There are 2 protein chains.
Amino acid sequence: MTVTAPKGFRASGVAAGIKATAGALDVALVVNDGPDTTAAAVFTGNRIKAAPVLWSQQVLKAGIVRAVILNSGGANACTGPAGFQDTHATAEHTAAVLSGRASRFPVGAGDVAVCSTGLIGERLPMPKLLHGVDAAARGLSRDGGAEAAKAIMTTDTVPKTAVHSGQGFTVGGMAKGAGMLAPGLATMLVVLTTDAVADASILDAALREATAVTFDRIDSDGCMSTNDTVLLMASGASRIEPTPAELAEAVTAVCADLARQLIADAEGATKEIAIDVTGAASAADAVEVGRSIARNNLVKTAFFGNDPNWGRILAAIGTTAAAFEPDEVDVAINGVWICKGGAAGEDRSKVDLSARGVTVTVNLHAGEESATVWTNDLSMGYVHENSAYSS
Amino acid sequence: MTVTAPKGFRASGVAAGIKATAGALDVALVVNDGPDTTAAAVFTGNRIKAAPVLWSQQVLKAGIVRAVILNSGGANACTGPAGFQDTHATAEHTAAVLSGRASRFPVGAGDVAVCSTGLIGERLPMPKLLHGVDAAARGLSRDGGAEAAKAIMTTDTVPKTAVHSGQGFTVGGMAKGAGMLAPGLATMLVVLTTDAVADASILDAALREATAVTFDRIDSDGCMSTNDTVLLMASGASRIEPTPAELAEAVTAVCADLARQLIADAEGATKEIAIDVTGAASAADAVEVGRSIARNNLVKTAFFGNDPNWGRILAAIGTTAAAFEPDEVDVAINGVWICKGGAAGEDRSKVDLSARGVTVTVNLHAGEESATVWTNDLSMGYVHENSAYSS
């Protein structure tokens, strides 16, 4: 169900031959049949933005999205003006096909968001992609969410979908992403749908509130992508207009679910690590400390080796500008306080790191604020996957 | 010869049993016999500083260092007040031994710098260490530089030494460091000696000028240590007082030599990568761009896989605040301009990555400034070495 769980949406996923693997789904389409077509989105903070990001940023300025066309198998990033024309042509073609027969409204290219993911720097095979758009439009269905979620996968091993029900309305979502997961959004495409009634500014506020505490707090490998897009579309088909807080809560629930699925499927990972930073002077301090630990290759390799190396965690904390005194920091790994007051605490042999899930707890003793950042270990598998294949 | 190449210095390296491996050298001593005993140092930017760093910072305030005692096998970091007392006791013992028989001057503990390297968070075995100080004092020799360089090794596979001759004076140096190499000094201990005549302020200026363009521009794994120390001691034994510029040039030459040796010996590395950033609006912009590329795990794994993946380089550049336009950036790998104007240039198949040395050239087309940052690839060996052993 995923993005088609809320009323008013149809979706599809088809194989257009863009991916090298024969028969692999690589084009997805999600259409909002209304009655409303409000939308909001957040995009990568990377200054090198893929053509579809530059396009979709323009589309979103009006706060209206009728459909989003997505492809895997190529990022269409660093492709110059020709790459931007490819994105424009994709939106034009999608709009024309939908207006012709597959939509209840006439659709303009300016109402079609575009997302791409895959190798940076290569042009998309446009004839294949445009045929894929035709097939995706033909395949649109109220049950198409699952196929759409499969069609946006790259190195993902499983499709990622989530649904949350509010009071009389529903939020659904799908995501792709397994590497290049970093601050300011992971390498990921996320499409969220809701049948709630909400204008674009309410959607925008809900989406920013949700991403700030979910996607912006996962950091698999510190690498920020050129293509990240999180798009939220509202059909209003439930006729229910939740309060902004109710909507934000539901959107956050779906984003949190998808974010955890991204970390769970990160390339080569053998550990899913929650870093709970407490006792911080501010939430920003807590996030900075959590992210510094999450990005530290020596911490990450230690966890791959099941080594509760708290000294490396302290060294990572010491690189931040957060408020704390070095001789007051406590660190627990899976509940064992192996560092107390900046020095050795309980014996490291008490720490059991045999499970996939790991919790690192840091108490800065500098205030009352806290935040959790999620990350992975740095494994042989990560190096293998990212050295053996161009992506 | 190394640190004993300049006149006025004796050194030694002995096995004190601090390292687990029987017979491994682990205590080094370098003594300045004068006539001058001026000194300067730079220390880690990490806010979690090891006890020997906190101690040596105090010693250096007077601009006088008579001797430096170094140990491998334990960092004495995150060891609390007891660890600081251990460092103090080491300096006291070194001063007493040197005053008793091994020095031409009475030596106070406040004239003895201390450096430690190894696992964070564990106390040093003080009886062994103090016996090692005795042995090191007995072993002091004008030929002892090579043994001293061996005694500070941790995961280093080779000792690292360098010498540069100026007009009538000499600068010598030794370094250790193979991982945790990052901005604001690598995980490293460096002792530099010179027989030039120079007061502490001149030494300080020369050292800061040298480290800014050498050790501060190597970044093996983005991890900053708790123990980094670069110490420069001057004996004045040559009776030559170089100009500040002459001194800085000689110190920079030795630092550059040692910095390249650190990158060459980085843990698990199969590539030594020079990132030349040109056309920058400022040197700071050039360093920021170079460092962003150097720290990007996806770039580093691509080089491990001999993949000239310029898209990942662009994505890394895009995360910086440097002045540039995305559609004006050129990137060459080993001289092949595979990215022109932010899009594909020459064919990637032309890039030969079979050699250990790699040069990445970035032209931002935003100004006239440039900088080079050195780094390594991210290999299976790095993950293995840092997951299999606590360090």
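In every chain, residue numbers begin from 1 and rise along the written sequence. Think of it this way: whatever chain is written first is A, whatever ligand is written first is 1, and the rest follow in order. At least 70 in pLDDT is required for a residue's local features to be given in this predicted model, at least 80 for side-chain atom pairs to be given and counted, and no such filter applies to totals for whole chains, interfaces and linings, which use all residues. Computation of side-chain values covers all heavy atoms of the structure but excludes hydrogens and water.

Let's shift gears to the side chain of Ser235 of chain B. All names here are of chain B. Looking at the secondary structure, you find Ser235 in the loop between β9 (229-234) and α6 (244-264). Looking at Ser235, its side chain comes within polar contact range of the main-chain oxygen of Lys7, at 2.7 Å. Any two residues whose heavy atoms approach within 4.5 Å at even a single point are treated as in contact. Once residues lying within four places of it in the same chain are set aside, the contact partners of Ser235 are Lys7, Gly8, Phe9, Asn32, Gly34, Pro35, Asp36, Thr194, Asp195 and Ala196. Each helix is a run of DSSP H or I of at least 4 residues and each strand a run of E of at least 2, with the numbering of both proceeding from the N terminus. Nitrogen and oxygen atoms within 3.5 Å of one another constitute a polar contact, given that in protein one can donate a hydrogen and the other can accept it, and given that sequence-neighbouring residues count only through two side-chain atoms.

This next bit is on the pattern of salt bridges. Criterion for a salt bridge: a side-chain nitrogen of Lys or Arg within 4 Å of a carboxyl oxygen of Asp or Glu. Within the structure shown, the criterion is met by 20 salt bridges over all chains. The salt bridge involving Asp265 of chain A is made with Lys160 of chain A; its shortest N-O contact spans 2.7 Å. One end of the pair, Asp265 of chain A, is in the loop between α6 (244-264) and β10 (272-280); the other, Lys160 of chain A, is in strand β6 (residues 160-165), with 105 residues separating them in the sequence. For the salt bridge of Asp204 of chain B with Arg208 of chain B, the shortest nitrogen-to-oxygen distance reads 3.1 Å.

Turning next to the sheet that holds β10 of chain A. Residues and elements named next belong to chain A. Strand pairing follows a simple DSSP-based rule, namely that at least 2 bridges must link the two strands. If you walk across this open sheet you meet the six strands as β13-β12-β11-β14-β10-β15, and the pairing is mixed. The open sheet has two edge strands, β13 (343-344) and β15 (369-376), and neither has a second partner. Bridge count for β10 against β15 is seven bridges, and the pairing is antiparallel. In the sheet register, Ile275 faces β15, and the bridge partner there is Val373. Contacting β10 and β15, α6 crosses the sheet at an angle of about 40 degrees to β15. Between the N-to-C directions of two axes lies an angle of 0 to 180 degrees, each axis being a line fitted to C-alpha atoms and, for a helix, fitted only over the stretch in contact.

With that settled, consider the environment of Glu249 of chain A. The topology assignment puts Glu249 of chain A in helix α6. In the structure, Glu249 of chain A is positioned 82 residues away from Gln167 of chain A in sequence and 11 Å away in space, judged by C-alpha atoms.

The next point concerns the interface of chain A and chain B. In this assembly, 52 residues from chain A lie in contact with 52 residues from chain B. Summed over both partners, the accessible area (1.4 Å probe) lost when two parts come together is defined as the buried area. Carbon and sulfur atoms supply 59% of the area buried between chain A and chain B, which totals about 4100 Å² over both sides. Where chain A meets chain B, there are zero salt bridges. Applying the counting criterion to the chain A and chain B interface returns eleven residue pairs in polar contact (both at pLDDT 80 or more). Mapped by element, the contributors of at least two residues to the side of chain A that touches chain B are α8 (297-304), α9 (310-317), β13 and α10 (380-388) of chain A. For the side of chain A that touches chain B, the element with the highest residue contribution is α10 of chain A, accounting for six residues.

What follows concerns the domain arrangement of chain A. Residues and elements named next belong to chain A. Where a domain begins and ends is set by an automatic assignment or by a domain database. Taken as a whole, chain A is organised into domain 1 (2-264) and domain 2 (272-388). Once you take the C-alpha centre of each, domain 1 and domain 2 turn out to be 33 Å apart. For the pairing of domain 1 and domain 2, the buried interface totals around 1300 Å² over both sides, and the portion due to carbon and sulfur atoms is 44%. Broken down residue by residue, the surface that domain 1 buries against domain 2 is led by Arg217, Asp219 and Ile263, which jointly contribute 44%. Connecting domain 1 to domain 2 are zero salt bridges. Counting across the interface, domain 1 meets domain 2 through four residue pairs in polar contact (both at pLDDT 80 or more). Each residue gets one label: Ala, Val, Leu, Ile, Met, Phe, Trp, Tyr, Cys and Pro are nonpolar, Asp, Glu, Lys and Arg are charged, and the others, such as Gly, are polar. In terms of residue class, the side of domain 1 that touches domain 2 is built from five nonpolar, three polar and five charged.

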